[in-house]
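Spelled out from the first residue to the last, the chains are:
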Amino acid sequence: MSGDRRHGSLRRVLAEPGTPYGRLAVAGLLGLASAAATIGLLAGSGYVVGRAALRPGLDALVGILAAVEVLAFLRGPLRYEERLVGHDAALRALTRWRVWLYDCLSPRVPAALAGWRSGDLLARAVDDVDSLQDLYLRSLLPVAIAVGAGAIGTAAVGLILPWAALALGIPLAVALSVPALLTWRRSGDDEMAALSGTLSAQVVDALAGAPELLVFGADDAALGDVDALGARSDALERQHARLATASSLVIALCLATAVTTALALGVAAVHAHHLGQVMVAVLPLAVLATFETVPGVPLAVARALTVRASADRLFALEQVPVPVSDPAAPAAPPQGVPEVAFEDAALRYGPGLPRALDGVSLRVPAGGRVAVTGSSGAGKSSLVTALLRFWPLEDGTLSLGGIDVAQLSQHDARAACALADQRAQMFAGTVRSNLTLARPDAGEDEVAGALRAARLDGWVAGLPDGLDTPVGEDGVALSGGERRRLAVARALLAPGPVVILDEPTSGLEPRLADELLDGVLAAAGERSVLVITHRAAESARCDTTIALEAGRVVPPQP
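We now turn to the structure provided with this report.

Calculation notes
The residue count restarts for each chain, going from 1 along the sequence in the order it is written. Reporting in this predicted model follows two pLDDT cut-offs: at least 70 for local features of residues, and 80 or more for side-chain atom pairs to be given and counted; totals over whole chains, interfaces and linings ignore these cut-offs and use all residues. For side-chain calculations, the full set of non-hydrogen atoms in the structure is used, while hydrogens and water are omitted. Think of it this way: any DSSP run of H or I at least four residues long counts as a helix, any run of E at least two long counts as a strand, and we number them from the N terminus. Buried, partly exposed and exposed residues are distinguished by accessible area as a fraction of the type maximum, computed with a 1.4 Å probe on protein chains only: under 20%, between the cut-offs, and over 50%, respectively. We call two residues in contact when some of their heavy atoms are within 4.5 Å. Whether two strands pair depends on DSSP finding at least two bridges between them. Planes of paired rings set the category: under 30 degrees apart is stacked, over 60 is edge-to-face and the rest tilted, where pairs are Phe, Tyr or Trp rings (Trp by its six-membered ring) whose centres lie within 6.5 Å. By definition, being over a ring means that NZ of Lys or CZ of Arg is both within 6 Å of the ring centre and within 35 degrees of the ring normal. The definition of a nonpolar core used throughout is a set of buried Ala, Val, Leu, Ile, Met, Phe, Trp, Tyr and Cys residues joined through side-chain atoms within 4.5 Å.

Before going further, it helps to spend a moment on the side chain of S310. Within the fold, S310 resides in helix α12 (residues 296-316). A residue is classified by how much of its surface remains accessible, and S310, at 4% relative accessible area, is buried. The residues contacting S310, other than those within four sequence positions of it, are D128 and S131.

Right, here's the structure in full:
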């Protein structure tokens, strides 16, 4: 991979508009002031030691002791302020990146990312986004402060003894550059980032499917996959640790060389009467203080490479085609209860795949009840996908109230629909929060009516905390029938004028299924209802029945 492409993600992160470089500059200056205070503190301490060895009067030491105490006092607050301002700037930048991620994902879900593993997406949305702040906090600032502190320390030593500045400058330049270059050329960061996402996905899958894995005796194989990923991740960590050890060794050797050389030059200068005896202790301590920030440089470079790998994974989301886009000038949404009309509609989920809908024509009149039947894979759910504008039609038209949905914004098209999906998502909240998802301001009477229509009123009355009973992660505390009926009640509470019920009674006993559908059709009132079902009893309760097979309308089975 070329260097330009390899590190283009870093340049994009750095060039993002709105990055608070002003605050980062203030943080850098504070960090540099703290490093300068450290240099002054150690150099001053060396001066005090050297001067005290000559046994002057106490009055001769008062001034330098006071200066050392002031520097010792300032060092902590300056470092704290650097951290405070730096984190404030990084979190401001992180907020913008979270908004960017939302804007990137929202037009691509659920259709375009249907094949992605949820654990991998979660790792990108949390770990990879969080790592971007490290480019500012743990990469830019440490390098800038180390270089600035090196310049200050070298200048200070040069004022004491010019040759000592050279003795410090050369090892310092080597310590700043060689470990950084070695780290910059290391490999494995992309694989580490990918392993992190895959490992997260494996763990999420294993936890979500733990009952099935245990029942079928596949838990050992699943744990083995996780262990294998962990072992590979550990191997890469060890590889990076060996490189970090080599970098630390280079820095230690450079420090030892600089301190020893500066001390030797200082002693020689004293013997030649070019330097006062007191300064012999100042030189090595000043050199030591100048090197304090150097070990952070290879760590900063390593962190930058980790950020680059995370940024690559995030920017890869942009390469996923957006299936549906809003028109430049969206049409006004239809008023009242619109007619839904498919005319020769064709839908295909990807090049080379068969059509999920192939020339489908059907109408749901305003206030009508229409059932769509067909075997699994016949294209029933693809009608919903097209109606909600999750995927565009390849051919034909789909209109709401005579307006082509392609001319409507995605928000307006979806606002016209109230969906009870067969894979209804339940969130880790209460019964009430899941029920009122589309209408948080729904009144108690409206909530009670939706529960009665979905035949859930008795069930809610028997719960320990009623509507405030937690449902658990993904509704784990609910049975399949309770989940499905809660989704139906949620659709009834939603304001959309077209109610879509996708297999609303699947898994329910026939008597309860019939009562549920009767209650829902009555509660829908003047709204239109589109029922996707495989039960003849349900289609018989609707005004019209449309049968689908292989994406085409066929005569209903008797």
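To continue, consider the pairing of strand β1 (residues 340-348). Direction of pairing for β1 relative to strand β2 (residues 355-364): antiparallel, over a ladder of seven bridges. Bridging from a neighbouring strand, A341 pairs with R363 of β2. In sequence, β1 turns back onto β2 through a hairpin of six residues, with G352 there showing a positive phi of about 85 degrees. Pairing analysis gives five bridges linking β1 to strand β4 (residues 395-400), with the strands arranged antiparallel. Bridging across to β4, F342 finds its partner in L398.

Looking now at the packing of aromatic side chains. Scanning the model with the defined rule gives four aromatic pairs in all. Here W97 and W100 contribute two aromatic rings whose centre-to-centre distance is 5.6 Å and whose plane-to-plane angle is 75 degrees, an arrangement assigned as edge-to-face. Linking W97 with W100, this pair stays in helix α4 (residues 59-105), spanning three residues, or about one helical turn. According to the relative accessible area criterion, W100 is buried, its value standing at 13%. A network of ring pairs unites the aromatic residues W97, W100 and F315 as a single cluster. Taking the ring centre of F315 as reference, the NZ or CZ of R12 above it sits at 4.0 Å.

To continue, consider the nonpolar core. With 41 residues, the main nonpolar core has L435 and L501 as its most contacted residues. Listed by contribution, the elements that provide at least two residues to this core are β6 (417-420), α15 (431-435), α16 (444-453), α17 (457-461), α18 (480-493), β7 (498-502), α19 (510-523) and β8 (528-532). Among the elements that make up this core, the one with the highest residue count is α18 (seven residues). Residue contacts for L501: discarding those within four places in its chain leaves A420, L517, V520, V529, L530, V531 and I532. Judged by nonpolar contacts, the second largest core, of 30 residues, contains V364, V372, L388 and A416.

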